[in-house]
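# What the coordinates show
If you want the building blocks of each chain, they are given just below.
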Amino acid sequence: MFCPHCNASVADGSKFCPSCGKPLETPEASPQTGQTPQYGQPLETSTPATAPVEPTAVIPPVGAASQANAAGTPTTPTPGYTPPGTVPPAATEPWYGKTWVIILFLIFFWPVGLILMWMKTCKWEKAVKVVVTVLFAVYVAASIFFVTSIMSSLTNLAATSATQSAVTSTQPSTNSGSSSDNKDSGNSSNSGSSNSGSSNSGNSGSSGNSGSSGSGSSGSSSSSSAINYSNTRYGYSCTLPAGFTLLSESANGDGATYFNSQYNMTVKVFGFNNTDGMDGSQLEEGWWNGSTSASTQNIDNLWMLYQYDSTKEYVYAAYVGTGSIVEVDIDFPLQSDNTDEMDIASEIMVSLTPGDLTVAH
């Protein structure tokens, strides 16, 4: 073997080097290789394979952050971590969920107020919401009823105005300067009266004693004041302007005939039973004399027709019922300006008030 100090050759088993005198150490076998190393030669060693070490996540103990803060050590908060005992901040209430906002909308624009009231952001009790909703429902129903009543009143007013102006809407296109002779009411009515079933009033057309007994009451026969005529048999009434005088009353009490000498106007008002079951359109067909000038109108069961021929203008109006009919026939001479005559005719028609038309008399 050789000396590890001077590399001199030394006999095996020697404890000191004869050359340098330094002690010699006998090497022991390596526990890993089982070989005895030789001095001056490299020792071959093998490193045993070891499994890779996985990194271990270190989880801080609960309360570690609070302990560190208590010790005065600054710590970095863990995202999403809320220490025990910490109260989260309260959520901000939206503006449309505030009570005063909802009340303002309920006062000034209640549909939006009701919507906001029923949203989840409103913290009102359900009973309160129900009561408020019911109150507004009652308010809406009352408003609809009120508006409907007003509209109905306006419609009736418009119908009355239309009735007064209906007969003045058509002016005769033929000019006639001649005035017809004064005739009794029997000759003044056209064939439409007899076709419409008014044969019961035939007696009213005959010239008779104006004081003859009948069921009608003329009120006053003076031509200087208006005449309020009421018929007790059929229960109808009408008003004639000043200037009319009573010509006759029918013997069977169905009506009367009046005449205005200033305008040569004859008015015959009467009632008759609707034995043929006629309606308004059939009655108008009975009035019509075939003239192309005829115009008709129906307002609230008041059937009207205006027409003229070569000598006269005719205005008819009637209320038609299942049991009876109340009619007024008006005629006056044909002329270019009939404004006054049509105003008088319109006034008489509007004043006509029917009785019970559902029964025969």
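The paragraphs below set out a description of the structure included in this document. (Residues numbered from 1 in each chain as written. Predicted model: local features only at pLDDT ≥ 70, side-chain atom pairs only at ≥ 80, totals over all residues. Heavy atoms only, no water.)

We now examine unusual backbone geometry. With phi around 50°, N264 is a residue other than glycine that occupies positive phi space. For N264, the location among the structural elements is in the loop between strand 5 (255–260) and strand 6 (265–273). The phi dihedral of D300 is positive, around 55°, even though this residue is not glycine. Tracing the chain through its elements places D300 in the loop between strand 7 (295–299) and strand 8 (302–308). (Helix = DSSP H or I, 4+ residues; strand = E, 2+ residues; numbered from the N terminus.)

Topologically, N273 is positioned in strand 6. Residue classification places N273 among the buried positions, given a relative accessible area of 17%. Polar side-chain contacts of N273 include one of 2.7 Å to the backbone nitrogen of H361. (Buried < 20%, exposed > 50% of the residue type's maximum accessible area, 1.4 Å probe, protein only. Polar contact = N/O pair within 3.5 Å; in protein donor to acceptor, adjacent residues only side chain to side chain.)

For the structure shown, the criterion picks out eight aromatic pairs. A centroid spacing of 5.6 Å and a plane angle of 25° characterise the contact between W110 and F136, whose relative ring orientation is stacked. Here W110, found in helix 3 (residues 110–117), pairs with F136, found in helix 4 (residues 126–166); they are 26 residues apart in sequence, far enough to count as distant. The exposure class assigned to W110 is partly exposed, which follows from its relative accessible area of 30%. For F136, a relative accessible area of 17% corresponds to the buried category. Where Y306 meets Y308, the ring centres are 6.2 Å apart and the plane angle is 50°; that geometry is what we call tilted. What links up through ring pairs into an aromatic cluster is the set Y229, Y236 and Y258. (Phe/Tyr/Trp six-rings, centres within 6.5 Å; stacked < 30°, edge-to-face > 60°.)

If you check which residues of helix 7 (residues 280–287) are buried, you get G280, L283, E284, G286 and W287. Axial view of helix 7: buried residues confined to an arc of 155°, hence all on one face. (Arc of directions from axis to C-beta.)

Across the interface, helix 2 (residues 99–108) lies against helix 3 with an axial gap of 6 Å and an inter-helix angle of 145°. Considering how the two elements wind past one another, helix 2 and helix 3 form a crossing that is left-handed. Along its contact with helix 2, which presents I102, F105, L106 and F108, the element helix 3 presents W110, V112, G113, L114, L116 and M117. (Axes fitted to C-alpha atoms, helices over the stretch in contact; angles between N-to-C directions. Left-handed = near helix turned anticlockwise from the far one by under 90°. Contact = heavy atoms within 4.5 Å.)

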